[in-house]
Amino acid sequence: MRRSSTFARQVLLVRVGRRDGLAGPGTDLVTPDRRYADRQRLRYGRFDADVEAVRPISPALAPAAPVDESPAMSIPLLPGERTAARRAKFALVNACTLSSLMLGMLAIFLAMQGEVRLAAVCLIACVAFDGLDGALARKLGVASPFGAQMDSLADMCSFGLAAPVVVYASLAGSVPPAAAAVACALVAACAAIRLARFNVSPKDGRFFCGVPTTMAAMVLALTVAIGVPVPGLVMVAGVALLAFAMVSSFPYAKLARLLKLPPWLWAAPVVGALVDIRLTFALVVVGYLASGPLLWLHQRRDA
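Bear in mind that the values here come from a model prediction, so they are computed numbers and not experimental data.

A.B. asks: What is the right way to look at the overall build of the chain in this model?
C.D. replies: Looking only at helices and strands, the chain has 11 helices and 2 strands in total. Each helix and strand of the chain, ordered N terminal to C terminal, gives the series α-α-α-α-α-α-β-α-α-β-α-α-α. For the chain, buried positions account for 31% of its 303 residues. Look at the contacts in the chain between residues 6 or more apart in sequence, and 74% of them connect residues 24 or more apart. Taken as a whole, the chain presents about 19300 Å² of accessible surface, with 68% of it coming from carbon and sulfur.

Here's what the structure looks like:
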């Protein structure tokens, strides 16, 4: 055994001492030779008379990453060249987003005062501003991650909260409050799930995965604004169905794809609206909701 292996020497001394009866009662270790104290101190940085417990180091554990102590840097809200013109365009786009949010808050206040139809009109204006800010951002070249997050938060306020509040106020007195509350809470919960999923999912240029929150809010707002004559419980069931359609995996065509339909398909609802706008609106909504499962079955058949 090499003289430098002090730990092995200590163990050997302990074993020999115990076997020969040299260790006294209560003594576990023989004090190591002090000649190797300096050598052990230089090698290991310390020396203890008693043998310390050795803690094994697992090779499966990676070494801790060094802490980044560099000063935090703020991320610009508007990437690219920050000229006065681009800043003005950026402010205009975000003003549209904030207008949608403020109109959603106004719709809630009006619904609390019983002005449900006026609140529904505010929701329709929210939909208009929501479509305007995205179009302006792309046209003016000021689209940014900040704007996308702002749009998502405004959508949650206007379409995920204001829309179910307006519907709940419109159902007051016609259905049990608990049933209306459950259906409207489903709209809020499914809108949050839908928006979160949209933010992290890959985008498809042809179809939405589930009914978009904007479309669902438009359907609810128009239902209240024109006063579709359906029983209260049927209305509650329709609201719950629309909520589940938002989080479904059925493909629904985007507006750009719908605009490519034959002109006679667009003429039919226009003529129907002149005859009976409420019935025509109900048929269009049912047809759009049914298009998702039908497209899903068609895609599975072709796959």
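A.B. asks: What's the story with the packing of helix 5 (residues 145–170) against helix 6 (residues 177–200) in this structure? I'm lost.
C.D. replies: Think of two packed helices as two axes; the pair is described by the angle between the axes and how far apart they sit. Between helix 5 and helix 6, the least distance of the axes is 9 Å, while the angle of their chain directions is 165°. Considered as vectors, helix 5 and helix 6 are oriented roughly antiparallel to each other. When you trace helix 5 past helix 6, the crossing you get is right-handed. Side by side, helix 5 and helix 6 meet where Ser 152, Asp 155, Met 156, Gly 160, Leu 161, Pro 164, Val 167 and Tyr 168 of the first sit next to Pro 177, Ala 180, Ala 181, Cys 184, Val 187, Ala 188, Ala 191, Ala 192, Leu 195 and Asn 199 of the second.

A.B. asks: Where do I start with the packing of aromatic side chains in this structure?
C.D. replies: A ring pair, where both rings are aromatic, is described by two values, the distance of the centres and the angle of the planes. Counted under the stated rule, the structure contains 3 aromatic pairs. A ring pair is formed by Phe 250 and Trp 296, whose centres lie 5.8 Å apart and whose planes are at 70°; its orientation type is edge-to-face. With Phe 250 in the loop between helix 8 (232–246) and strand 2 (251–253) and Trp 296 in helix 11 (residues 277–302), this pair connects stretches of sequence that are 46 residues apart. Accessibility expressed as a relative area gives 28% for Phe 250, which makes it partly exposed. Aromatic side chains Tyr 252 and Tyr 288 sit 5.3 Å apart centroid to centroid with 35° between the ring planes, which places their arrangement in the tilted category. Taken together, the residues span a long stretch of sequence, with Tyr 252 in strand 2 and Tyr 288 in helix 11 at a distance of 36 residues. Judged by its relative accessible area of 2%, Tyr 252 is buried. For Tyr 288, a relative accessible area of 15% gives the class buried.

A.B. asks: Quick question: what am I supposed to make of the packing of helix 4 (residues 116–140) against helix 7 (residues 213–226) here?
C.D. replies: Remark: helix 4 packs on helix 7, axes separated minimally by 8 Å, with the N-to-C direction vectors making an angle of 150°. Considering their axes alone, helix 4 and helix 7 lie roughly antiparallel with respect to each other. The handedness of the crossing between helix 4 and helix 7 is left-handed. Contacts between helix 4 and helix 7 involve Val 116, Arg 117, Ala 120, Leu 123, Ile 124, Val 127 and Asp 130 from the first element and Thr 214, Met 218, Ala 221, Leu 222, Val 224, Ala 225 and Ile 226 from the second. Of the residues that constitute the contact of helix 4 with helix 7, the class distribution is 11 nonpolar, 1 polar and 2 charged.

A.B. asks: Sorry, what's going on with helix 11 here?
C.D. replies: The periodicity of an α-helix, 3.6 residues per turn, causes residues three or four places apart in sequence to face the same way. An ideal rise of 1.5 Å per residue puts 38 Å on 26 residues; helix 11 measures up with 37 Å between its terminal C-alpha atoms. The sharpest bend along helix 11 comes to roughly 30°, located at Ser 291, with the proline Pro 293 sitting one to four residues further on. Among all positions of helix 11, only Thr 280, Phe 281, Val 285, Tyr 288, Leu 289 and Gly 292 are buried. In this structure, the buried side of helix 11 is in contact with helix 7, helix 8, strand 2, helix 9 (255–258) and helix 10 (263–275).

A.B. asks: What is the right way to look at the side chain of Asn 94 in this model?
C.D. replies: Following the sequence through the fold, Asn 94 ends up in helix 3 (residues 84–112). Asn 94 has contacts with Phe 146, Gly 147 and Met 150, leaving out every residue within four places of it along the chain.

A.B. asks: Just to check I follow, could you spell out the confidence of the model for the chain for this structure?
C.D. replies: If pLDDT is low for a region, its predicted coordinates should not be looked at in detail. With 74% of its residues at a pLDDT of 70 or more, the chain shows a mean pLDDT of 79. Note that pLDDT drops below 50 for residues 1–5; the model gives that stretch 8 contacts with residues more than four away or on any other chain. Taken together, the stretch residues 47–55 has pLDDT below 50 and engages in 11 contacts with residues farther than four places along the chain or on a different chain.

A.B. asks: Would you take a moment to explain the side chain of Ser 152 for this structure?
C.D. replies: The topology assignment puts Ser 152 in helix 5. Among residues more than four places away in sequence, those in contact with Ser 152 are Leu 195 and Asn 199.

A.B. asks: Can you help me understand the environment of Val 142 in this one?
C.D. replies: Mapped onto the fold, Val 142 is located in the loop between helix 4 and helix 5. A relative accessible area of 3% places Val 142 in the buried class. For the pair Val 142 and Pro 79, spaced 63 residues apart in the sequence, the C-alpha separation amounts to 8.1 Å. The residues touching Val 142, leaving out its near neighbours within four places in the chain, are Leu 78, Arg 86, Lys 89, Phe 90, Val 93 and Ala 137.

What counts and what doesn't
Residues numbered from 1 in each chain as written. Predicted model: local features only at pLDDT ≥ 70, side-chain atom pairs only at ≥ 80, totals over all residues. Heavy atoms only, no water. Helix = DSSP H or I, 4+ residues; strand = E, 2+ residues; numbered from the N terminus. Buried < 20%, exposed > 50% of the residue type's maximum accessible area, 1.4 Å probe, protein only. Contact = heavy atoms within 4.5 Å. Areas by Shrake-Rupley, 256 points an atom, 1.4 Å probe, with all protein chains shown as cover. Axes fitted to C-alpha atoms, helices over the stretch in contact; angles between N-to-C directions. Parallel < 35°, antiparallel > 145°, perpendicular 65-115°, else oblique. Left-handed = near helix turned anticlockwise from the far one by under 90°. Phe/Tyr/Trp six-rings, centres within 6.5 Å; stacked < 30°, edge-to-face > 60°. Nonpolar A, V, L, I, M, F, W, Y, C, P; charged D, E, K, R; others polar. Expected span 1.5 Å × (residues − 1). Bend = angle between axes of the 7 residues up to and from the residue. pLDDT = per-residue confidence, 0-100.

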